[in-house]
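Secondary and tertiary structure notes
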Amino acid sequence: MTDFSVIRQYNFPTTVRFGAGVVNELSEHLAAIGLSKPLLVTDRVVADLDFFRALRKRLEARGSSVEVFSDIHKNPVKSDVLKGGDVFDATGRDSIIGIGGGAAMDVARAIVLRVHHRRDLFDYDDLIGGDQYVTGKVPYFITVPTTSGTGSEVGRSAIISEDDTHRKRILFSPKLLAKVVYADPLLTMELPPFVTAATGMDALTHNLEAYIAKMWHPMCEGIALQGIELINEVIVQAVHKPDVDSRSKMMIASLMGAVAFQKGLGVVHSLAHPMSSLLDTHHGLANAVNLPYGMRFNIAGSEAKFRKIARTMELKEDNGEAVVARLFELNEQLGLPVRLRDAGVKEEHLATLADLAFADFCHPNNPKPVNREDFLRLYKEGL
């Protein structure tokens, strides 16, 4: 068994300090590089946790003046970023620390962009070539994940929705990569079972979709397979009987999924994103409930890859249907719904969901084309 009490450093794709208790290094690091006015960007729940208070005290004990911004939505919107940017300016900050799950990371990263880039925020949308405008400097940026799902701690993009339409936009630049990541599995030990399950299935979705995405990228595929293996091995224990070993493996597998999906995602994320924007569904839950249906859609034409996934998951049969059956089984074992109706989707939502899914930015990387009628059929199948 790997000893996760030993702190390790990975320099891929940025500096990652990984291990139980590693977050305690953060205050010393900030002091060592001469920064003393961090903006801590998190959500309201994390801001009230004991570890967050302790982290703030350690920073202040090392001479830092700490400001906290936690006024963010579950699915972040543009106004969250603008408010956070105003706090950064008004309080004279010199660095940003994103602490939490995907929402906090996305807002933190978008604020990093906003500080010295003052065009309309969505002028920087990567889908319309906005990355060409990311030419200025950015504040020093550190990430501290508290869930094992999005892997956003090692990301270079932020997904932020429009306040009115809830259309999702992607802000992207290599400049938005954190300088240092403190990945401490102890911060996930007190997560409730639902959050652990939903974020864990999000991480599994990232690894699965990255592995079968159509671009040829053997490095990402190798990372994705290892992530699939780790999650399949420990996710049930991490949810129901968590220990440092299972939570550590989930955290590193989540990080790996985010590295792997630089290759691309696919139909499952395009099915999930509209549920978050239209129905405010937790992103991990939306991925989890759509995952078996989306993977079944992709079997034809990708049989060899599904055989490898089945072997990686140590299933009795090495084919795509066995993988799909395992995904249904995992949702049931984790207490997550296997039907969209049990996640709040109704018949009257399907047409709008299909329109939004077809307009989504993920499915062009799917291994097979997906049209609007395919999305409608998949939603009906899942309902």
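The rules we used
Residues numbered from 1 in each chain as written. Predicted model: local features only at pLDDT ≥ 70, side-chain atom pairs only at ≥ 80, totals over all residues. Heavy atoms only, no water. 1 Å grid on protein atoms, 1.4 Å probe; cavity = no way out; pocket = protein on both sides within 12 Å on 5 of 7 lines; lining within 4 Å. Points joined across faces, edges and corners; volume = space filled by probe spheres on them. Helix = DSSP H or I, 4+ residues; strand = E, 2+ residues; numbered from the N terminus. Nonpolar A, V, L, I, M, F, W, Y, C, P; charged D, E, K, R; others polar. Pairing = 2+ DSSP bridges. Axes fitted to C-alpha atoms, helices over the stretch in contact; angles between N-to-C directions. Contact = heavy atoms within 4.5 Å. Buried < 20%, exposed > 50% of the residue type's maximum accessible area, 1.4 Å probe, protein only. Parallel < 35°, antiparallel > 145°, perpendicular 65-115°, else oblique. Left-handed = near helix turned anticlockwise from the far one by under 90°. Expected span 1.5 Å × (residues − 1). Phe/Tyr/Trp six-rings, centres within 6.5 Å; stacked < 30°, edge-to-face > 60°. Lys NZ or Arg CZ within 6 Å of the ring centre and 35° of its normal. Lys, Arg positive; Asp, Glu negative; His and termini not counted. Salt bridge = Lys/Arg side-chain N within 4 Å of Asp/Glu carboxyl O. Core = buried A, V, L, I, M, F, W, Y, C linked by side-chain atoms within 4.5 Å.

Turning our attention to the layout of surface pockets. Within this model, the second largest pocket holds a volume of roughly 310 Å³. Looking at the second largest pocket, it is lined by 14 residues, and the ones nearest its centre are Arg-167, Lys-168, Leu-356, Ala-359 and Asp-360. For the lining of the second largest pocket, the element with the highest residue contribution is helix H9 (residues 267-279), accounting for three residues. Per-class residue counts for the lining of the second largest pocket are six nonpolar, four polar and four charged.

The strand order across the open sheet built from seven strands is S1-S2-S9-S6-S5-S3-S4, with neighbouring strands paired in mixed fashion. Only two strands of the sheet have a single partner each, and these edge strands are strand S1 (8-11) and strand S4 (67-69). Between one strand axis and the next, the sheet turns by 20 degrees as a mean value, whatever way the strands run. With four bridges joining them, strand S3 (residues 38-41) and strand S5 (residues 95-100) adopt parallel strand pairing. Paired with Leu-39 across the strands is Ile-96, a residue of S5. Contacts between helix H3 (residues 50-61) and the sheet are confined to S3, S4 and S5, with S5 contributing the most and set at about 160 degrees to the helix.

Let's shift gears to the environment of Ser-246. Here Ser-246 lies in helix H8 (residues 244-260). Sequence separation between Ser-246 and Gly-129 is 117 residues, and the spatial gap between their C-alpha atoms is 40 Å. With near-sequence residues (within four places) excluded, Ser-246 lies in contact with Val-234, Gln-237 and Ala-238.

Judged by which residues are buried, S3 turns out to be covered on both faces: Pro-38 and Leu-40 on one side and Leu-39 and Val-41 on the other are all buried. Note that S3 and S4 share three bridges and pair parallel. Within S4, the residue paired with Val-41 across the bridge is Phe-69.

It is at 9 Å that the axes of helix H7 (residues 218-240) and helix H11 (residues 303-312) come closest, and there the two elements cross at 40 degrees. In this view, H7 runs oblique relative to H11, as classed from their interaxial angle. Where H7 crosses over H11, the handedness of that crossing is right-handed. Contact with H7, carried on its side by Glu-221, Leu-225, Ile-228 and Glu-229, involves Lys-305, Lys-308, Ile-309 and Thr-312 of H11 and no other residues of that element. Taken together, the residues that form the contact of H7 with H11 break down as three nonpolar, one polar and four charged.

Glancing now at helix H6 (residues 193-212). Given a rise of 1.5 Å per residue, 20 residues ought to cover 28 Å, and the 29 Å separating the end C-alpha atoms of H6 matches this to within 8%. Taking burial as the measure, the 20 residues of H6 include 17 buried ones, the bulk of the element.

This next bit is on the packing of aromatic side chains. Per the stated rule, a full pass over the model turns up three aromatic pairs. Pairing Tyr-293 with Phe-328 gives two aromatic rings, centres 5.3 Å apart and planes at 80 degrees, and the pair type is edge-to-face. Remark: Phe-328 occurs in helix H12 (residues 320-333) and Tyr-293 occurs in helix H10 (residues 283-298); sequence separation between them is 35 residues. A connected cluster of aromatic rings, assembled from ring pairs, spans Phe-4, Tyr-10 and Phe-18. The residue whose ring lies beneath Arg-119 is Tyr-133, and the NZ or CZ to ring-centre distance is 3.8 Å. Cation over ring: Lys-368 sits above Phe-297, and NZ or CZ is 4.4 Å from the ring centre.

Moving on, we come to empty space enclosed by the protein. Tallied over the entire structure, the rule returns one cavity of 30 Å³ or more. Estimates place the volume of the largest cavity at around 40 Å³. As for the largest cavity, its lining consists of Ser-148, Thr-188, Leu-191, Thr-196, Thr-199, Arg-247 and Met-250. Put simply, the parts of the chain that give the lining of the largest cavity at least two residues each are H6 and H8. Each residue belonging to the lining of the largest cavity can be placed in one class, and the counts come to two nonpolar, four polar and one charged.

You can see Glu-209 is positioned in helix H6. Nearest to the buried, unbridged Glu-209 among oppositely charged side chains is Lys-263, at 11 Å. Not counting residues up to four positions away in its chain, the partners in contact with Glu-209 are Gly-264, Leu-265, Gly-266, Val-267, Val-268, His-269, Met-295 and Asn-366.

Take the nonpolar core next. Judged by nonpolar contacts, the single largest core of 98 residues is most densely connected at Ile-96, Ile-111, Met-201, Leu-204, Met-295 and Ile-309. Once you skip the residues sitting within four places of it in the chain, Leu-204 turns out to touch Ile-228, Ile-231, Leu-291, Leu-327 and Leu-330. Ranked by size, the runner-up nonpolar core spans 20 residues in total, among them Leu-35, Phe-51, Val-180 and Leu-187.

Bridge analysis of S1 against strand S2 (residues 15-18) gives four bridges, and the strand direction is antiparallel. Opposite Tyr-10, over in S2, you have Val-16 as the bridge partner. Hairpin connection between S1 and S2: a loop of three residues separates the two successive antiparallel strands.

All right, on to the packing of H6 against H8 then. Taken N-terminus to C-terminus, the directions of H6 and H8 make an angle of 40 degrees; their axes are 8 Å apart at the nearest point. When the axis of H6 is compared with that of H8, the two are oblique. When you trace H6 past H8, the crossing you get is left-handed. Here Thr-196, Gly-200, Ala-203, His-206, Asn-207 and Ala-210 of H6 lie close against H8, whose contacting residues are Arg-247, Met-250, Ala-253, Ser-254, Met-256, Gly-257 and Ala-260. Its residues assigned to classes, the contact of H6 with H8 comprises six nonpolar, six polar and one charged.

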